[in-house]
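If you want the building blocks of each chain, they are given just below.
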Amino acid sequence: MSGNFIGQAGLFHQTFNTQQENIELAYRFHRRFWGRGYATELAIALIDWGFNTRHLSKIIAPVHPGNERSIRVLEKSGMIFRGSIEHQGHIIPYYSIEREDADE
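Just so we're clear, the structure is a prediction, and the values are computed from it rather than from any experiment.

**Q** Pulling in residues and values, what's your account of the confidence of the model for the protein?
**A** For the protein, mean pLDDT is 89; residues scoring 70 or higher make up 96% of the total. Looking across the protein, the model is least confident in helix α3 (residues 99-103), with a mean pLDDT of 73, and most confident in strand β3 (residues 58-62), with 96.

Right, here's the structure in full:
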């Protein structure tokens, strides 16, 4: 293990606004670590932690249009395309997963 910082990820209130209920899965990695499966592994682990430790009922993930790599990560982690959502002043596509989806 190198101990190098490769990026960050977590579950947050959407746009860091604690006054609303949406919990967002977010991640970003240094480009040199893309394509190694880290994002998918981390997304799956965060979803599991969110549902089983934090007892969340739903997790969302807004995604920039055309970001096919992130879309694939979200799909592989069990998230489902749900439509569009307002995110930081823009209407963009989003995915989500509900506890019932994960239990199947």
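**Q** Give a detailed account of helix α2 (residues 68-76), specifying residues and quantitative values.
**A** The set of residues buried in α2 consists of Ser70, Ile71, Val73 and Leu74. Along the axis of α2, the buried residues cluster in a sector spanning 160°; they form a single face. For α2, the exposed residues set more than 90 degrees away from the buried face come down to Glu68 and Arg69. If you follow the buried residues of α2, they end up packed against β2 (23-29), α1 (38-52), β3 and β5 (90-98). Positive backbone phi, approximately 100°, marks Gly78, located one or two places after α2.

**Q** So what's going on with the environment of Lys58? Which residues, and what values?
**A** Position of Lys58 relative to the elements: it lies in strand β3. Discounting residues that sit within four places of it in the chain, Lys58 has contacts with Asn22, Ile23, Phe51, Ser96, Ile97 and Glu98.

**Q** Kindly report on the environment of Gly10, identifying the contributing residues and their values.
**A** Position of Gly10 among the secondary structure elements: in strand β1 (residues 7-13). Placed 33 residues apart in sequence, Gly10 and Ala43 show a C-alpha to C-alpha distance of 8.5 Å. Among all residues touching Gly10, those that are not within four sequence positions of it are Glu24, Leu25, Ala26 and Leu46.

**Q** Summarise the packing of aromatic side chains; cite the residues concerned and give the values.
**A** Under the defined criterion, the tally for this structure stands at 3 aromatic pairs. The interplanar angle of 40° and the centroid separation of 6.3 Å between the aromatic rings of Tyr27 and Phe29 together place this pair among those described as tilted. Overall, Tyr27 belongs to the partly exposed group, its relative accessible area being 21%. For Phe29, a relative accessible area of 16% puts it in the buried group.

**Q** Just give me the short version of the pairing of strand β4 (residues 80-87), but keep the residues and values in it.
**A** Walk down a regular strand and you will see the side chains alternate between the two sheet faces. Pairing analysis gives 7 bridges linking β4 to β5, with the strands arranged antiparallel. Looking at the pairing, Ile85 lines up with Ile92 of β5. In this structure, the hairpin formed by β4 and β5 is closed by a connection of 2 residues, where Gln88 is found at a positive phi of approximately 55°.

**Q** Lay out the nonpolar core with the relevant residues and their values.
**A** If you look at the biggest cluster of nonpolar residues, it comprises 19 residues, and the most contacted ones within it are Leu11, Leu25, Ile59, Leu74 and Met79. Top contributing element to this core by residue count: α1, with 5 residues. Excluding residues that lie within four positions of it along the chain, Met79 makes contacts with Leu25, Ile47, Ile59, Ile60, Ala61, Leu74, Tyr95, Ser96 and Ile97.

Scoring rules and cut-offs
- Residues numbered from 1 in each chain as written.
- Predicted model: local features only at pLDDT ≥ 70, side-chain atom pairs only at ≥ 80, totals over all residues.
- Heavy atoms only, no water.
- pLDDT = per-residue confidence, 0-100.
- Helix = DSSP H or I, 4+ residues; strand = E, 2+ residues; numbered from the N terminus.
- Buried < 20%, exposed > 50% of the residue type's maximum accessible area, 1.4 Å probe, protein only.
- Arc of directions from axis to C-beta.
- Contact = heavy atoms within 4.5 Å.
- Phe/Tyr/Trp six-rings, centres within 6.5 Å; stacked < 30°, edge-to-face > 60°.
- Pairing = 2+ DSSP bridges.
- Core = buried A, V, L, I, M, F, W, Y, C linked by side-chain atoms within 4.5 Å.

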